[in-house]
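The chain contents come next:
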Amino acid sequence: MSEILIKNADTVLTMDDARRELAGADILIRDGVIAEIGQKLCTSGTVQSASGCVVTPGLVNTHHHLYQTLTRAVPGGQDALLFGWLKTLYPIWARFGPEEMFVSAQIGLAELALSGCTLSSDHLYLYPNGARLDDTIAAAAELGLRFHPTRGAMSIGESDGGLPPDSLVEREAAILEDCIRVIDAHHDAGEGAMCRVGIAPCSPFSVSRDLMREAALLARDKGVMLHTHLAENDEDIAYSEANFGCRPGQYAEDLGWTGPDVWHAHCVKLDGEEIDLFARSRTGVAHCPCSNCRLGSGIAPVRAMRDAGVPVGLGVDGSASNDAGNIIAEARLSMLLQRVSRGADAMSAREALEIATRGGADVLGRPDCGRLAVGKRADIAIWDTTGVESAGSWDPAALLLAGPTRVRDLFVEGRQVVADGQIATLDLTAVIRRQNTLAKQIAVAL
Ligand SMILES: [Zn+2]
């Protein structure tokens with residue numbers, strides 16, 4: 001039995017069912033689970049002082065393409081709209097292989113961990129040169145983050161009228177076979193799971209209608225979740241209406257892509273009927289505000305979604321459309337964007353943090369994560385509010401207004417992943433060096 005006691009936090013934002021905020025509180029972790037929350041708790045194990053700190057549940061990232069940390073700020077893609085941006089990046093991604101997938105995942109996940117993330121999804125939809133989903137799973141296991149990788153796919157290449165080059169698409173039968181392989185090898189359906197696999201064709205315009213339907217059937221057969229991009233921008237809606245004769249929400253519903261086991265990235269352009277459909281069917285949304293700004297896609301109707309009862313989580317999206325992968329900065333931007341469109345009372349700092357914690361956990365089907373309560377997983381972020389950015393704050397617990405954007409300490413399943421502001425589980429300096437070498441090698445070979 002191993003115990004860690006987080007002692008004397010200034011404030012614990014529990015995000016539990018009553019949204020309790022506890023002053024001067026302790027949290028006792030036992031074998032990766034929260035055993036007690038209260039005052040004057042004791043342990044014979046390790047004690048971690050949280051005096052001068054705000055403690056929150058670890059943040060949850062519901063949408064990412066980790067491999068894209070190797071293509072941040074590519075000059076030809078800096079100012080392009082979505083489709084033009086993809087066309088610039090595909091030839092670069094076609095040069096990736098297993099090592100690129102592994103190292104870029106370590107970088108992306110480490111960046112997330114330093115910004116308070118304990119559980120991340122990933123959407124990997126291209127597999128050039130022998131790359132496999134397993135490469136990213138190995139990276140997450142080494143770092144110690146809870147990981148929901150999804151087996152993405154593209155099957156419609158340029159010669160079939162699609163966007164990606166033929167070298168980056170796969171045969172649909174091979175895609176489904178590999179989905180079964182990675183689920184059988186890595187998916188853990190149990191409570192406290194550190195790895196859960198999902199199925200995630202890249203978008204409705206990069207695979208066939210048949211594959212969308214088959215993927216949904218396979219996911220239900222295997223008891224795993226479904227994920228894709230949906231209704232991202234105006235081009236996306238126009239494509240759906242021109243090619244499928246309906247809006248994205250209708251297309252998703254027709255193919256079995258609604259329900260509590262489905263979450264869609266972006267959903268910037270959902271209309272009122274689609275929001276009702278998502279609320280009724282408990283279909284989740286991964287809201288990616290920075291990516292939506294960067295690509296000029298628009299402001300997702302998060303206030304309307306939340307009011308209707310749509311499960312909403314937060315996503316940093318891939319680093320080629322965000323460049324940064326800072327989950328707490330993303331939460332702050334989600335709050336600000338709703339205010340841009342709906343006024344200053346449209347979303348509070350605490351509600352945005354709720355979306356980033358229990359909101360994301362619920363979208364990913366993880367009621368055992370995203371809140372601090374007895375019996376929940378010990379995924380915990382400790383934020384030092386004694387620094388310059390919090391100085392003069394009358395409410396340090398309103399973290400998204402003036403708080404730090406980097407954690408002091410981070411625990412996942414009770415294991416310390418960040419200690420005193422540094423990654424504790426791997427030599428991050430060496431990984432950064434390797435990542436920069438790989439990026440240079442690819443740039444030279446182009
Ligand atoms: Zn994306």
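Above this text is the structure in question.
For clarity, every value in this text was computed on a predicted model and none was experimentally measured.

Reading the values: the criteria
Residues numbered from 1 in each chain as written. Predicted model: local features only at pLDDT ≥ 70, side-chain atom pairs only at ≥ 80, totals over all residues. Heavy atoms only, no water. Helix = DSSP H or I, 4+ residues; strand = E, 2+ residues; numbered from the N terminus. Buried < 20%, exposed > 50% of the residue type's maximum accessible area, 1.4 Å probe, protein only. Areas by Shrake-Rupley, 256 points an atom, 1.4 Å probe, with all protein chains shown as cover. Lys, Arg positive; Asp, Glu negative; His and termini not counted. Charge placed at Lys NZ, Arg CZ, Asp CG, Glu CD. Core = buried A, V, L, I, M, F, W, Y, C linked by side-chain atoms within 4.5 Å. Contact = heavy atoms within 4.5 Å. Donors = N, O, S within 2.8 Å, 3.2 Å for Na, K, Ca; no water. Tetrahedral: all angles 85-135°; square planar, octahedral: opposite > 155°, others 65-115°. Phe/Tyr/Trp six-rings, centres within 6.5 Å; stacked < 30°, edge-to-face > 60°. Salt bridge = Lys/Arg side-chain N within 4 Å of Asp/Glu carboxyl O. Axes fitted to C-alpha atoms, helices over the stretch in contact; angles between N-to-C directions. Parallel < 35°, antiparallel > 145°, perpendicular 65-115°, else oblique. Left-handed = near helix turned anticlockwise from the far one by under 90°. Nonpolar A, V, L, I, M, F, W, Y, C, P; charged D, E, K, R; others polar. Polar contact = N/O pair within 3.5 Å; in protein donor to acceptor, adjacent residues only side chain to side chain.

### Focus on the overall build of the protein
- The number of helices and strands found in the protein is 14 helices and 17 strands.
- In terms of overall dimensions, the protein has C-alpha extents of about 65 × 45 × 40 Å along its principal axes.
- Considering the protein as a whole, with its 446 residues, one finds that 60% of them fall into the buried category.
- Accessible area for the protein stands at about 16,000 Å²; split by element, carbon and sulfur atoms hold 51% of it.
- Looking at charge distribution, the protein has the averaged site of its 40 positive side-chain charges lying 3 Å from that of its 58 negative ones.

### Notes on the nonpolar core
- By size, the foremost hydrophobic cluster in this structure holds 116 residues, and its most contacted members are Trp85, Trp93, Ile199 and Trp257.
- If one sorts the elements of this core by residue count, helix 2 (residues 98–114) sits on top with nine residues.
- For tryptophan 85, the contacting residues outside a window of four places in its chain are Gln68, Gly77, Ala80, Trp93, Leu295, Ala320 and Ser321.

### What about the coordination of the zinc ion?
- Protein coordination of the zinc ion is provided by His63 (NE2), His65 (NE2), His229 (NE2) and Asp317 (OD), with donor distances spanning 2.1 to 2.4 Å.
- Coordination geometry of the zinc ion: the four donor atoms subtend angles of 88 to 176° at the metal centre, consistent with an arrangement described as irregular.
- Within one chain, the residues donating to the zinc ion are spaced in sequence as H-x1-H-x163-H-x87-D. Of the two residues, histidine 229 sits in strand 10 (residues 225–230) while aspartate 317 sits in the loop between strand 13 (312–314) and helix 11 (327–342), which places them 88 residues apart along the sequence. The exposure classification of histidine 229 matches that of aspartate 317, with both residues buried.

### Focus on the packing of aromatic side chains
- The final tally for this structure, using the stated rule, is eight aromatic pairs.
- Between tyrosine 67 and phenylalanine 96, the ring centres sit 6.0 Å apart and the planes meet at 85°, which makes this aromatic pair edge-to-face. Here phenylalanine 96 lies in the loop between helix 1 (82–93) and helix 2 and tyrosine 67 lies in the loop between strand 6 (59–61) and helix 1, a separation of 29 residues in the sequence. Phenylalanine 96 matches tyrosine 67 in its accessibility class, with the two residues each being buried.

### As for the pattern of salt bridges
- Throughout the structure, instances matching the rule amount to 32 salt bridges.
- Put simply, arginine 30 and glutamate 3 hold a salt bridge, and the shortest N to O gap is 2.7 Å. Taken together, the positions of arginine 30 in strand 2 (residues 21–30) and glutamate 3 in strand 1 (residues 3–13) put the pair 27 residues apart, joining distant regions of the chain.
- Judged by relative accessible area, arginine 30 falls into the partly exposed class, the value being 31%.

### Thoughts on the packing of helix 11 against helix 12 (residues 349–363)
- Remark: helix 11 packs on helix 12, axes separated minimally by 9 Å, with the N-to-C direction vectors making an angle of 130°. Comparing their axes, helix 12 and helix 11 come out oblique. Between helix 11 and helix 12 the crossing geometry is right-handed. Contacts from Ala331, Ser334, Met335 and Arg339 of helix 11 reach helix 12 at Ala349, Ala352 and Ala356.
- Classifying every residue of the contact of helix 11 with helix 12 by side-chain character gives five nonpolar, one polar and one charged.

### Here we look at the environment of threonine 46
- On the secondary structure map, threonine 46 appears in strand 4 (residues 46–49).
- Separated by 40 residues in sequence, threonine 46 and isoleucine 6 place their C-alpha atoms 8.7 Å apart.

### Thoughts on the side chain of threonine 357
- Mapped onto the elements of the fold, threonine 357 is located in helix 12.
- A polar atom in the side chain of threonine 357 sits 2.8 Å from the backbone oxygen of leucine 353.
- When sequence neighbours within four positions are dropped, the list of residues in contact with threonine 357 reads Met15, Pro57, Gly58, Leu59, Val60 and Gly370.

It is worth stressing that arrangement in space is one thing and function is another; only the former is reported here.
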